[in-house]
Amino acid sequence: MTFYVIRRVLIGILLLLFMSVAFFALTRLTPGPPFTTGENPRAHQELIDRRLHNLGLDQPWYTQYPAYLNALVHGNLGDSYVYNQPVSKLLMERVPNSVLLLGVSLIISLLIAIPLGIFAATRQYSKLDTTTSVASYIGISIPSFVLGIFLLLAGAVWLRHATGGVFYFPLFGMHKSDTTSLDDLAWHMVLPVVSLSILSIAGFSRFMRASMLEVLHQDYVRTAKAKGLPARAVNYKHALRNAILPIVTLVALQTPQFVSGAIITEGIFSWPGMGLLAFQATVTRDYPVILGVVMLVAALTVLFNLFADIAYAVVDPRIRY
Amino acid sequence: MRLSTQGFDTSGPPQPGRPHPPGRDGPLGGRLMADQPLEKGRPPSTSAYTSLLAGAQVASALEAEASLRGQAASEDLVVAEVADPSEIGFWRLAVIRFLHHRAATASLVVLLFIVVTSVIIPVFQGDLYRLQDYTHPYTQPFQFHTRAVALPAGLSVTIPWTDHLFGTDDLGRDELARLLRGGRVSLTVGLLAMLGYIIIGGILGALAGYYGGWIDNALMRLTDVIIAMPFILVVVAVTAAFGGVSLTVLVLVIALLGWFEIGRLMRAQFLVLRESEFVQAARALGASDYRIIFRHIVPNSLAPIIVSATLGVSGIILLEAALGFLGYSIPPPEPSWGNLLGSYEEAIALGQTYIVALPALALVTTALCINLVGDGIRDALDPRQR
């Protein structure tokens, strides 16, 4: 076990190293240096050149890389070209916003999807099951931006027209410009959370249904039924415990994605999260920010996968490493 | 263990519910009738399914015999006949099962309609998709006017007519033509990138699953990380490194970055099948690796790959649309369903909802149909996975 963990940590470090090289090279090999997109078109070329030189960006990437790696090892992700702030500070600001948005949406969607999946599975081929299946098929077929656009249209435009401008959901951002109150925040979260939740409810409920159905057809469930246990006890005590495990795994392994945010939903609703930060960084060639996001997500993924595997070994004594 | 939200369990321990190897010599037909996995909660022998099988049987070589015995006897007959697997092949049985799935069959028809129209009609429309008419921006869809059509012999009739069935966009371009041509781009990217997934993921997944060792380790760890990355971001960054987006670059980048799911699935299949009895038997008989892989494992691993690939196409189409939406797919004036949606802010601000609604509808319909067809294929190939 100890040996296994050490080996996995070493593999993880190698992997992070590989990711850092790959993305460092990728950003540097992208044609067109930073400061040429979205910047002042009248900026002097000498100024741009001087800035590129000061940042070492006029060197080939493999000459730049050791310095980056050295800083990275010391926990320094560099400064953003656009914000003129340390990347770590930017990440610290943005991560909580994304975690808040995605976390609330995850909790809501699990609270709806798990009971829905269980009911659909225990009443297979019933009206409820068919309706859920159809709805979830439609749900997984709608891309997030289509849903986002229509929620924006319905929640902000149509609702505003229908109620004569009295009642509507705010469109953009996390707060009104002059407040940081909680109810204002909640108000701003409604549309993006609904947009994210509908999609994950569709996915999770399908998954839960499939997982529950698989367990319900296993021998031990039949045994439990045969010995006369009431359906409730069979479904919720015996079957559910095993059926819910895959969903727990799924959620646990998705946790790093919290940090990477939801690019499109955050973009549509101007939610100041990691997705938006990362996307804008890609558009403006803000290399340190791109690399910062990538490395953070990669590190968390390596860590969570390791945790998941160790947790398996602890929970299930049949698994040995 | 990692589980995908749709489709198959992509890795982890051997699934207890794996079907019998679906080779031509596998007794799948017999098992199917014995276990009735398709008919949970329904009475077995009187179902439409059985009579459908009966129909297929009648249509096959047994026509004369079945008609001699008459309708009533045929149902009993079917069970006996299908129980003999040599009577009806695996793929044929799959087609019958697929056709039994009404939603999937209907979806396939709709999908074929979408594919055929968006492949054929743009050929005859030439440059219509980019002809601008500044005098008629935002013509509303479904606006008909009457038009006199001269018939021979001096007669004439007035018929309802429209120049732009789906209206025009902000530059007065024909929305229908753009929608159809956009569909061609979306579908092309979806199919070609999936081909790439299957080639890359199939080969690497098979190597990892069959030989294991460091290939397997490296591949799986890399997969974990790539899957956790915000995929759109990575695609945007890589296409930028290619220096600009074209159809080829887009397909290449998506294929190079997206094959991991298929690869993992292939690996899981190989891991399970490598240890299965029929492969061990083949190995004991002295079969070479090549023969074991291509004659025994690959045919048996196809079913989940086909299902995952079908579902994956809708994923790629949605991904392409998302990229287009963000402005990182095929550049204008070439339309794609994604970049048609990309001008949503202006359209909403001007109250021209149809500009958003039409491509959204096309996109969602296509994705839904592909998903339902994929589900139908899954039921058809792998009835125990339901």
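Here the structure is a predicted model, which means the values were calculated and not measured. (Residues numbered from 1 in each chain as written. Chains lettered and ligands numbered in written order. Predicted model: local features only at pLDDT ≥ 70, side-chain atom pairs only at ≥ 80, totals over all residues.)

A. Focus on the overall build of chain B. Counting its regular elements, chain B contains 15 helices and two strands. Counting across all 386 residues of chain B, residues that qualify as buried make up 43%. Counted over contacts in chain B with a minimum sequence separation of 6, partners at least 24 positions apart contribute 70%. (Helix = DSSP H or I, 4+ residues; strand = E, 2+ residues; numbered from the N terminus. Buried ≥ 20, exposed ≤ 12 C-beta atoms within 10 Å, placed from the backbone. Contact = placed C-beta atoms within 7 Å.)

B. Spotlight on the overall build of chain A. In terms of helices and strands, chain A carries 13 helices and zero strands. Each principal axis of the C-alpha distribution contributes one length, and for chain A these read about 85 × 65 × 35 Å. The buried share among the 321 residues of chain A stands at 36%. Relative to all contacts within chain A whose residues are 6 or more apart in sequence, the contacts with residues 24 or more apart total 70%.

C. Broad picture of the packing of helix α6 (residues 175–211) of chain B against helix α12 (residues 289–326) of chain B. All names here are of chain B. Taken N-terminus to C-terminus, the directions of α6 and α12 make an angle of 140 degrees; their axes are 8 Å apart at the nearest point. By the angle class used here, α6 and α12 are oblique. For the element pair α6 and α12, the recorded crossing hand is right-handed. Residue-level inspection shows S186, V189, G190, L191, A193, M194, Y197, I198, A206 and Y210 of α6 in contact with α12, the latter providing I293, A309, G312, V313, I316, I317, E320 and A321. A class-by-class count of the residues in the contact of α6 with α12 yields 14 nonpolar, three polar and one charged. (Axes fitted to C-alpha atoms, helices over the stretch in contact; angles between N-to-C directions. Parallel < 35°, antiparallel > 145°, perpendicular 65-115°, else oblique. Left-handed = near helix turned anticlockwise from the far one by under 90°. Nonpolar A, V, L, I, M, F, W, Y, C, P; charged D, E, K, R; others polar.)

D. Broad picture of the interface of chain A and chain B. Facing 45 residues of chain A, the contacting portion of chain B comprises 41 residues. Those elements that place two or more of their residues in the side of chain A that touches chain B are α1 (2–29), α5 (127–141), α6 (144–162), α7 (182–216), α10 (245–260), α11 (263–268), α12 (274–283) and α13 (287–315) of chain A. Looking at the side of chain A that touches chain B, its residues break down into 31 nonpolar, 12 polar and two charged.

E. Layout of the pairing of strand β1 (residues 145–150) of chain B. All names here are of chain B. Among the six residues in β1, zero count as buried, and that is only a small part of the element. In this sheet, strand β2 (residues 156–161) lies alongside β1 in antiparallel orientation, the contact comprising six bridges. Bridge pairing in β2 places A150 opposite S156. What sits between the antiparallel neighbours β1 and β2 is a turn of five residues, in which A153 has the positive phi angle 65 degrees. (Pairing = 2+ DSSP bridges.)

F. Geometry of the packing of α5 of chain A against helix α15 (residues 354–381) of chain B. Interaxial distance between α5 of chain A and α15 of chain B falls to 8 Å at its minimum, and their mutual angle equals 125 degrees. Put simply, α5 of chain A runs oblique to α15 of chain B. The crossing of α5 of chain A and α15 of chain B is right-handed. For the pair α5 of chain A and α15 of chain B, contact is made by Y137, I138, I140 and S141 of chain A and by V364, A367, L368, N371 and L372 of chain B, respectively. Looking at the contact of α5 of chain A with α15 of chain B residue by residue, the class counts come to seven nonpolar, two polar and no charged.

G. Region of the structure containing the nonpolar core. Counting residues in each nonpolar core, the largest one holds 148 residues, and the members touching the most others are I254, A322 and L341 of chain B. Not counting residues within four places of it along the chain, the set of residues in contact with L341 of chain B comprises F145 and V146 of chain A together with A321, F325, V356, P359 and A360 of chain B. (Core = buried A, V, L, I, M, F, W, Y, C linked by C-beta atoms within 7 Å.)

H. Local environment of unusual backbone geometry. Residue and element names in this part refer to chain A. At N84, a position not held by glycine, the phi torsion is positive, near 55 degrees. Structurally, the position occupied by N84 is in the loop between α3 (61–73) and α4 (87–122). If you check the backbone angles, S270 has positive phi at about 45 degrees while not being a glycine.

I. Representation of α15 of chain B in the model. An ideal rise of 1.5 Å per residue puts 40 Å on 28 residues; α15 of chain B measures up with 40 Å between its terminal C-alpha atoms. Taken across its 28 residues, α15 of chain B has 23 buried, putting it largely inside the fold. (Expected span 1.5 Å × (residues − 1).)

J. Structural context of the confidence of the model for chain A. Averaged over chain A, the pLDDT score is 82; the fraction of residues at 70 or greater is 92%. By mean pLDDT, helix α2 (residues 45–54) of chain A is the weakest element of chain A at 77, and α4 of chain A is the strongest at 90. (pLDDT = per-residue confidence, 0-100.)

K. Representation of the environment of Q254 of chain A. Turning to its location among the elements, Q254 of chain A is positioned in helix α10. When the C-alpha atoms of Q254 of chain A and F304 of chain A are compared, they prove to be 9.0 Å apart, with 50 residues separating the residues in sequence.

L. Looking closely at the environment of V302 of chain A. With respect to the helices, strands and loops of the structure, V302 of chain A is situated in helix α13. Given 24 C-beta atoms within a 10 Å radius, V302 of chain A is considered buried. Sequence-wise, V302 of chain A and L16 of chain A are 286 residues apart; in three dimensions their C-alpha atoms are separated by 8.3 Å. Not counting residues up to four positions away in its chain, the partners in contact with V302 of chain A are G12, L15 and L16 of chain A together with V225 of chain B.

M. Inspection of the confidence of the model for chain B at higher detail. Residue and element names in this part refer to chain B. When pLDDT is averaged along chain B, the result is 74; 76% of the residues meet or exceed 70. With pLDDT under 50 throughout, residues 1–81 is counted as low confidence; its partners more than four residues away or in other chains account for 114 contacts. Complex prediction metrics read pTM 0.77 and ipTM 0.81.

N. A look at the environment of I290 of chain A. Relative to the helices and strands, I290 of chain A is located in helix α13. In this structure, the C-alpha to C-alpha distance between I290 of chain A and Q280 of chain A, residues 10 residues apart in sequence, is 9.1 Å.

O. Summary view of α12 of chain B. Residues and elements named next belong to chain B. Given a rise of 1.5 Å per residue, 38 residues ought to cover 56 Å, yet the end C-alpha atoms of α12 are separated by just 46 Å, more than 12% below that figure. Taking the largest bend as the criterion, α12 deviates by roughly 45 degrees, centred on V298, and proline P299 comes between one and four positions later. For α12, the buried fraction is high: 28 of the 38 residues fall into the buried class. A positive backbone phi angle near 90 degrees is found at G327, which sits one or two residues after α12. (Bend = angle between axes of the 7 residues up to and from the residue.)

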